[in-house]
Amino acid sequence: MTSSKTLIVFLSLVLCHNIVCSYRYWDHYNGLVTAYTAQNMDDLELVLGSRFRLVIAAYWVYFTSTCDVIRERLNEETRNGRMAYFCSYVTKCPVFSIYQSCMIKEVVTNIKQACCNPFAEKKIEGNNSVTESNYNTYATASPVTKTPNISHQHRVCNTGSVHPSTRIIGGTSASRGEFPWVAMMLVNGKFKCACTIVDATHALTAAHCIVDLFGSERVEVIAGKYITNVKDTDPGQQRVYVTVYRGHSSYDRITAVNDIAILRLANPLSWSDTVQPVCLPPKGDVPADRCTVVGWGDVDKRDWVTTYPFVQQKVTLKTYLKDECLRTFGQRSDNNLRNYVQEGTMCAANGLVGGKDACTADSGGPLLCIKGTRTSLAYFQFGIVSNGYKCASPNDPGVYTDVTRYLDWINYTLQELS
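To start, this report covers the structure provided alongside it. Predicted model only: the values in this text are computed from it and were never measured. Here the residue numbering is sequential within each chain, running from 1 through the sequence in written order. Reporting in this predicted model follows two pLDDT cut-offs: at least 70 for local features of residues, and 80 or more for side-chain atom pairs to be given and counted; totals over whole chains, interfaces and linings ignore these cut-offs and use all residues. Side-chain figures throughout are based on the complete set of non-hydrogen atoms in the structure, without hydrogens or water.

**Quick notes on the state of the cysteines**
Rule in force here: Two cysteine sulfurs form what is called a disulfide whenever their separation falls within 2.5 Å. Numbering of helices and strands runs from the N terminus, with a helix taken as a DSSP run of H or I at least four residues long and a strand as a DSSP run of E at least two residues long. Only protein chains enter the accessibility calculation, which uses a 1.4 Å probe; a residue whose area is less than 20% of its type maximum is buried, one above 50% is exposed, and one in between is partly exposed.
Counted under the stated rule, the structure contains five disulfides. Note that Cys193 is cross-linked by a disulfide to Cys209, the S-S spacing being 2.1 Å. Disulfide Cys193-Cys209: torsion about the S-S bond near -95 degrees, hence left-handed. Note that Cys193 is positioned in strand β5 (residues 190–199) and Cys209 in the loop between β6 (202–205) and β7 (219–223), a separation of 16 residues in sequence. Relative accessible area serves as the criterion here: at 3%, Cys193 is assigned to the buried category. Accessibility expressed as a relative area gives 2% for Cys209, which makes it buried. As a non-bridged cysteine, Cys195 has Cys209 as the owner of its nearest cysteine sulfur, 8.7 Å distant.

Next up, the structure:
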């Protein structure tokens, strides 16, 4: 005789088949979770489809708040037209259910209102991008005090596509090819720092990664790298010698101000799914409220041991412009932040609690922020991992070179080294 549990599972499968919904096991109830019973951020995939992480990236900071905060923020985004930006990424009109969590219900309600009425559906069918009438500017979960003065129309990026995926301390493993512009810098065959590809023959890194080199070392860049071990060859990786490296002439070893450098490659890279140039923001743009650091650095914050991850890691942190960083951490930090947080720098941290951070060997890697362009969301590099007092310590942020303050230097140096 069929048990009630078996019958429930059978009916769930039939229901899912009829409404073409996805499903996976839900351990809390030892049964099936569907779009009708979605509870957490991962369950948004069942509600919105495979591009669900774009919505998470935009509203992460609010999804961890109370129901009232989520409702107020998403309703505002729907009223001002910004929620419509996600219409071209939603693969199905989401279903509403009383069994969903508050966060899921609010997402469903606002996506349906923005994307599933007849007028919105015609827009989706006729145009995969958002028109000027329903989208003006976009910044990822940015508060009012951090509104960018750069329109999405002025951000140009053909390669910074946002790829959804499942330490850097407190982080998670990136997916292979998720950040194809992040590369490894080697010195005499050993991993030294991370860097980012800016064009086929140049990479961007931190000045402190090259300042102690004498000129006789063998410096290389591996693009398309995912596995941390240099001896393991990744599919499609490209290993190229560095012929010239140039750090900022005013780099200060003590304060780490002007911590930026460019590497010139001996041979041009070939673009592929795992090797692409990074997108740089326009002058005057500001980072999103939460951005992502990527690298292969230490995943254990104990001072006496360095533990490298098996593959590339990523972690999302809250960003702080220079003055905001000093106001937030200046009196709390065990370090004298004012010596390090100066013009041309910015900060990122897991708030005041710590636990997430870049660390040893993440140096030179990017702080990437999701921003809107004319047609899509893309990653832009706003920071370079520079320095910090202790990895992931409470009240002590990581300090980053503010890329927007060095765009002229980057362009000038690229021309000089070409």
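**A word on the sheet that holds strand β9 (residues 261–265)**
What counts is decided by this rule: A pair of strands is treated as paired once DSSP finds two or more bridges between them. For helices, the fitted line uses only the C-alpha atoms of the stretch in contact; every axis is such a line through C-alpha atoms, and the angle between N-to-C directions lies from 0 to 180 degrees. Any two residues whose heavy atoms approach within 4.5 Å are treated as being in contact.
An order of β4-β5-β6-β9-β8-β7 is seen for the six strands of this closed barrel, with the pairing classed as antiparallel. Taken pair by pair, the neighbouring strands of this sheet meet at an average axis angle of 40 degrees, ignoring direction. Bridge count for strand β4 (residues 182–187) against β7 is four bridges, and the pairing is antiparallel. Counted as the bridge partner of Met184 is Ile222 from β7. The strands touched by helix α8 (residues 407–417) within the sheet are β5, β6, β8 (238–247) and β9, with β9 carrying the most contacts at an inclination of about 30 degrees.

**Observations concerning the packing of helix α3 (residues 53–63) against helix α4 (residues 67–79)**
Formally: Note on residue classes: Ala, Val, Leu, Ile, Met, Phe, Trp, Tyr, Cys and Pro are nonpolar, Asp, Glu, Lys and Arg are charged, and everything else, Gly too, is polar.
Relative to each other, α3 and α4 sit at 145 degrees, their axes nearing to 9 Å. For the pair α3 and α4, the contacting residues are Tyr59, Tyr62 and Phe63 in the first and Val69, Ile70, Arg73, Leu74 and Glu77 in the second. A breakdown of the residues in the contact of α3 with α4 according to their chemical character gives six nonpolar, no polar and two charged.

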